[in-house]
Amino acid sequence: MGPVRRSLLIALVLLGWALPATFPPAAAAQPITTEPVGVYIDRGIIEYDDKKYAEALKNFLEALQIDPENAEVRYFVGIAYLALDQVDQAITHLEKARQLDPADLDIAFNLGVAYFTKEEYERAQPHFLFVHGKEPRRDNLGYYLGFIHFQRKEYERALAYFQENVSSDVRFQQQNLFYTGLTKHHLGRDEEATRDLEEAVKLRPDAPLGRTAKLFAEAVAPRPVPRRYRVELRGGVSYDDNATLAPTRPVLGLRTQPRRSAAEIALLRLEYDLIQTQPDTLTASYQIFSNYYNSLQNLDVLNHTWGANYVHRARLGTLPAWYGAQYSYDYLELDGAVFLSRHTGTASLTLFENDSNFTFFQYRYQDKDFRSINTLDLRKESRDGQNHLLGATHIVAFAGGRHFLRFGYQFDMDDTIGADYRYFGQKASVGFQVTGPWEIRFQAGYDFQFRDYPEKNALAATLNQQARDGSSVEGAMFKVMRRDMDHTFTASLSRDLPYGFSAALEFFKERNSSTFSLFDFDRNVVTLSVGWKY
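Enquirer: Looking at this structure, I do not really get the nonpolar core. What am I missing?
Expert: Soluble globular proteins: nonpolar side chains tend toward being buried together. Counting 60 residues, the largest nonpolar core has Ile41, Phe60, Phe116, Phe128, Tyr143, Tyr144 and Tyr179 as its most contacted members. Counting residues per element, this core draws most heavily on helix H5 (residues 71–83), which supplies 10 residues. The residues contacting Tyr179, other than those within four sequence positions of it, are Tyr143, Phe147, Phe150 and Phe162. Val251, Leu459, Phe516 and Leu518 belong to the second-largest nonpolar core, a separate cluster that totals 11 residues.

The structure is reproduced here in structure tokens:
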């Protein structure tokens, strides 16, 4: 068969880049089976060389009628069909040629390219590997095998093939360098990736792939090392129409007490990266938050939080993944007295399915110590205990994150000393962000949590008993089996401003529907704030 002649007819044509085919004099001297077959083949080659692929195919088909069991004839029919973009017919004839001459490397290689053209990479790979075992330095073979592994996200193997690729054509050279750069980027080798992409640009800067490579080179170029410390300040005003969480119905006279108030809020957050490498980051943080009510000073809040956050960037199978571990300790003061101290530990995993989809999984453990006196001094009213939460949130991002959708589900359990606050909860959440004119971000979210308190509520039972004994207990008789359906809606408008400043207008609404009317409430909060980050 004619390996020299064949190799000059194929490769780039199969990707839609038709190159002039030339044949050395040795090809004409190659032995042929019968004179008529040879005549038709030679005519077909001349037509093919002139890019008259339909006429070339006619001559090759004439030869096929004379000798249908000739592997060389089948081969030429196959590549003519490929030049006419009739890939299925090409595969039929190349498969037959492969059966007739299974040892021929040209047939195997071009059959692999035909399947590659159809993006049937699983069927293309065995033919490429057969050729690779005999002739690993064949033109463009490394590119084809590398691309197949790249598609599977097997980046180490893809890189090995890309790096051994040999190509005499500048277009394949550019294509190979482009994917070499992308592969190194996925492996976290951004400096090398940038160099490869820049070299790809130089080969053909005005070609579409050259312009694409330039954009990718700018995108993956290593950024200056970010500063280790960060500061955030935020201050604003808010209005809360039910700061005391007074019930929606008359219960124990709570609705007659003041419950509405304006407030001033302030936040300071400090962060410092103790470890700052490409795969690992360890950050220590401190935050203080205050909320001072103008009319309800007994509800003034001051909250201190110390934390540590560790992130390891790696892979889980073929997907990029961030493994996280967080710890925080906070204590909350209410009207100047310590109300709650809390330890929180979280283990998280973030999987990046592609550039637009990622999923966040988390397990959270909290240990809570309330310093306040139990209601009516009932032990079952103790809120001290542990909370366990397990959940997942999926994000679909658009336009580089300017818009997104989120969906989430969480299961949590509050295992408190007092049975009145012991519950099993399930939460579903949805939300979105849209970035509009002037880079104003609009976010909205809705959460629904169902909480089931499995034991009879001791406070409800005690109040009911007091009512039976003749005491005036507004709202009795109360249901002693508590079930809550908590609806939370949030909406905000925000915009980043020059010099690290930002502004936000936020709305928060909570409607907790409870079978125990003491905990059935409605609350609305509006906040306007200005922040600064460094």
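Enquirer: I keep staring at unusual backbone geometry and nothing clicks. Help me out?
Expert: Excluding glycine, a negative phi dihedral is what most residues carry, and trans is how most peptide bonds are arranged. Backbone torsion omega between Ala476 and Met477 reads 10°, so that peptide bond is classified as cis. A positive phi angle, near 70°, is found at Asn140, a position not held by glycine. Residue placement: Asn140 occurs in the loop between helix H8 (121–134) and helix H9 (141–151). On the accessibility criterion, Asn140 (4% relative accessible area) is buried.

Enquirer: Could you clarify how one ought to interpret the environment of Tyr81 in this entry?
Expert: When you line up the elements, Tyr81 lands in helix H5. What makes Tyr81 buried here is its relative accessible area of 13%. Those residues in contact with Tyr81 that lie beyond four places of it in its chain are Leu57, Leu61, Gln86, Gln89, Ala90 and His93.

Enquirer: How should I be thinking about the side chain of Ser517 in this particular structure?
Expert: When you line up the elements, Ser517 lands in the loop between strand E13 (501–514) and strand E14 (521–533). Sequence-distant contacts of Ser517, defined by excluding residues within four places in its chain, comprise Pro247, Arg249, Val251 and Phe478.

Enquirer: In this structure, what is going on with the packing of aromatic side chains? I would like to understand it.
Expert: The geometry of two aromatic rings is summed up by the distance between their centres and the angle between their planes. Tallied over the entire structure, the rule returns 38 aromatic pairs. Seen from their ring centres, Phe116 and Tyr121 are 5.2 Å apart, and the 65° between their planes marks the pair as edge-to-face. For Tyr121, a relative accessible area of 15% gives the class buried. Sitting over the ring of Tyr421, Arg383 keeps its end group 5.4 Å from the ring centre. Over the ring of Phe519 we find Arg482, and its NZ or CZ is 3.8 Å from the ring centre.

Enquirer: Could you clarify how one ought to interpret the side chain of Asn357 in this entry?
Expert: By the secondary structure assignment, Asn357 is in strand E7 (residues 357–370). Within polar-contact distance, the side chain of Asn357 engages the side chain of His394 at 3.0 Å. Setting aside chain neighbours within four positions, we find Asn357 in contact with Leu351, Phe352, His394, Ile395 and Val396.

Enquirer: Before we go on, may I ask you to explain the packing of H9 against helix H10 (residues 155–164) in this structure?
Expert: Packed helices, taken two at a time, are described by the angle their axes make and the gap between the axes. The geometry of H9 relative to H10 is characterised by a closest axis approach of 7 Å and an angle of 170° between their N-to-C directions. Taken as axis vectors, H9 and H10 run roughly antiparallel relative to one another. On H10, the residues touching Gly142, Tyr143, Leu145, Gly146, Phe147, His149 and Phe150 of H9 are Tyr155, Arg157, Ala158, Tyr161 and Phe162. When its residues are assigned to classes, the contact of H9 with H10 shows eight nonpolar, three polar and one charged.

Enquirer: How should the confidence of the model for the protein chain be read in this particular structure?
Expert: Do not read the fine detail of predicted coordinates wherever pLDDT is low. Looking at the protein chain as a whole, its pLDDT mean stands at 87, while 93% of the residues score no less than 70. Counting interchain partners and residues more than four positions distant, the pLDDT-below-50 stretch residues 1–34 has 84 contacts.

Enquirer: Got a minute to help me understand the packing of H5 against helix H6 (residues 87–100) in this structure?
Expert: It is the contact of H5 with H6, at a shortest axis distance of 8 Å, that shows an interaxial angle of 160°. Taken as axis vectors, H5 and H6 run roughly antiparallel relative to one another. Between H5 and H6 lies a crossing of left-handed hand. Judged by residue contacts, Ala71, Arg74, Tyr75, Val77, Gly78, Tyr81 and Leu82 of H5 engage Val87, Gln89, Ala90, His93, Leu94, Lys96, Ala97 and Leu100 from H6.

Enquirer: Can you walk me through the layout of surface pockets in this structure?
Expert: Over the atoms rolls a probe the size of a water molecule, and its path tells where empty space is left. By volume, the second largest pocket amounts to about 1800 Å³. In this structure, the second largest pocket is lined by 41 residues; those nearest its centre are His185, His186, Gly188, Asp190 and Gln278. Of all elements in the fold, only H9, helix H11 (170–186), helix H12 (190–203), helix H13 (208–220), strand E2 (261–276), strand E4 (301–316), strand E5 (319–334) and E7 reach the threshold of two or more residues within the lining of the second largest pocket. Ranked by residues supplied to the lining of the second largest pocket, first place goes to H11 with four residues. Residue composition of the lining of the second largest pocket, by class: 20 nonpolar, 10 polar and 11 charged.

What counts as what
Sequence order as written defines residue numbering, which begins from 1 separately in each chain. It should be noted that, the model being predicted, local features are given only for residues of pLDDT at least 70 and side-chain atom pairs only at 80 or more, the latter also being counted only at that level, while totals for whole chains, interfaces and linings use all residues. Each side-chain value is derived from all of the structure's non-hydrogen atoms; neither hydrogens nor water enter the calculation. Note on terminology: a nonpolar core comprises buried Ala, Val, Leu, Ile, Met, Phe, Trp, Tyr and Cys residues joined through side-chain atoms within 4.5 Å. Only protein chains enter the calculation, and the probe is 1.4 Å; a residue is then buried if its accessible area is under 20% of its type maximum, exposed if over 50%, and partly exposed in between. Secondary structure counts use DSSP, requiring at least four H or I residues in a row for a helix and at least two E residues in a row for a strand, with both numbered from the N terminus. Whether two residues are in contact is decided by their heavy atoms: any pair within 4.5 Å suffices. Two aromatic rings from Phe, Tyr or Trp, using only the six-membered ring of Trp, form a pair when their centres are within 6.5 Å; if the ring planes differ by under 30 degrees the pair is stacked, by over 60 it is edge-to-face, and anything between is tilted. Criterion for a charge above a ring: Lys NZ or Arg CZ within 6 Å of the ring centre, and within 35 degrees of the ring normal. Contacts described as polar in this section are N or O atom pairs within 3.5 Å, which, within protein, must combine one atom able to donate a hydrogen with one able to accept it, while residues neighboring in sequence count only if both atoms come from side chains. Note on definitions: angles span 0 to 180 degrees between N-to-C directions of axes, and those axes are lines fitted to C-alpha atoms, for helices only across the stretch in contact. For this classification, under 35 degrees means roughly parallel, over 145 means roughly antiparallel, 65 to 115 means roughly perpendicular, and everything else is oblique. Throughout this entry, Asp, Glu, Lys and Arg are counted as charged residues, while Ala, Val, Leu, Ile, Met, Phe, Trp, Tyr, Cys and Pro are counted as nonpolar. The remaining residues, Gly among them, count as polar. Looking at any residue, its pLDDT shows the predictor's confidence there, from 0 to 100. In this scheme the crossing of two helices becomes right-handed for a clockwise turn of the near helix relative to the far one and left-handed for an anticlockwise turn of less than a right angle. Grid points spaced at 1 Å over the protein atoms alone were grouped into cavities, where a 1.4 Å probe fits but cannot get out, and pockets, open sets with protein on both sides within 12 Å along at least five of seven lines, with lining residues defined by an atom within 4 Å of a point. Grid points are joined across faces, edges and corners, and a volume is the space filled by probe spheres set on the points.

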